[in-house]
Amino acid sequence: MHEHHFICPYCWQSISMLLDDSISKQDYIEDCEVCCNPIQITLKFSNSELIDFQADSIEQ
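Residues numbered from 1 in each chain as written. Predicted model: local features only at pLDDT ≥ 70, side-chain atom pairs only at ≥ 80, totals over all residues. Heavy atoms only, no water.

Participant: Honestly, the packing of aromatic side chains in this entry has me stumped. Any pointers?
Facilitator: Remark: the centre distance and the inter-plane angle together describe each pair of aromatic rings, the angle taken between the planes. Counted according to the given criterion, the structure contains one aromatic pair. A ring pair is formed by phenylalanine 6 and phenylalanine 53, whose centres lie 5.1 Å apart and whose planes are at 50°; its orientation type is tilted. Highlighted residues: phenylalanine 6 in strand 1 (residues 2–7) and phenylalanine 53 in strand 5 (residues 49–57), separated in sequence by 47 residues. Residue phenylalanine 53 is classed as buried on the basis of its relative accessible area of 19%. (Phe/Tyr/Trp six-rings, centres within 6.5 Å; stacked < 30°, edge-to-face > 60°. Helix = DSSP H or I, 4+ residues; strand = E, 2+ residues; numbered from the N terminus. Buried < 20%, exposed > 50% of the residue type's maximum accessible area, 1.4 Å probe, protein only.)

Right, here's the structure in full:
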């Protein structure tokens, strides 16, 4: 597991998230722990190293 910090695309607060490096490509939705808006999380690991991370707002 890797701890990763990023900025919420809605409320601009810093968020900490634990990422599972046992799955190389991941794409899921998780609510912001501050404002509760849904965030599209897309990430990629290579040899247990995070090589790509995106946190995007979901148009509603």
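Participant: Quick question: what am I supposed to make of the nonpolar core here?
Facilitator: In summary, soluble globular proteins display a tendency toward joint burial of nonpolar side chains. Membership of the largest hydrophobic core is limited to 12 residues, which are Phe6, Cys8, Ile15, Met17, Leu19, Cys32, Ile39, Ile41, Leu43, Phe45, Phe53 and Ala55. Secondary-structure elements contributing two or more residues to this core are strand 2 (14–19), strand 4 (38–46) and strand 5. It is strand 4 that contributes the most residues to this core, four residues altogether. The contacts of methionine 17, once residues within four sequence positions are left out, are His2, Glu3, His4, Phe6, Tyr28, Glu30 and Ile41. (Core = buried A, V, L, I, M, F, W, Y, C linked by side-chain atoms within 4.5 Å. Contact = heavy atoms within 4.5 Å.)

Participant: Is there a simple way to think about the environment of glutamine 40 in this case?
Facilitator: Inspection of the secondary structure assignment puts glutamine 40 in strand 4. Sequence-distant contacts of glutamine 40, that is, excluding residues within four places in its chain, are made with Asp27, Tyr28, Ile29, Gln54, Ala55, Asp56 and Ile58. In this structure the side chain of glutamine 40 is engaged in a polar contact, spanning 2.3 Å, whose partner is the side chain of aspartate 27. (Polar contact = N/O pair within 3.5 Å; in protein donor to acceptor, adjacent residues only side chain to side chain.)

Participant: What am I meant to see in the state of the cysteines here?
Facilitator: Joining two cysteines, a disulfide is a covalent bond between their sulfur atoms. Considering all chains together, one arrives at zero disulfides under this definition. Unpaired in terms of disulfides, cysteine 32 finds its nearest cysteine sulfur in cysteine 8, a separation of 3.7 Å. As a non-bridged cysteine, cysteine 35 has cysteine 32 as the owner of its nearest cysteine sulfur, 3.7 Å distant. The partly exposed category is assigned to cysteine 35, whose relative accessible area is 26%. (Disulfide = S-S within 2.5 Å.)

From the geometry alone we can't say anything about function, so treat these as descriptive.
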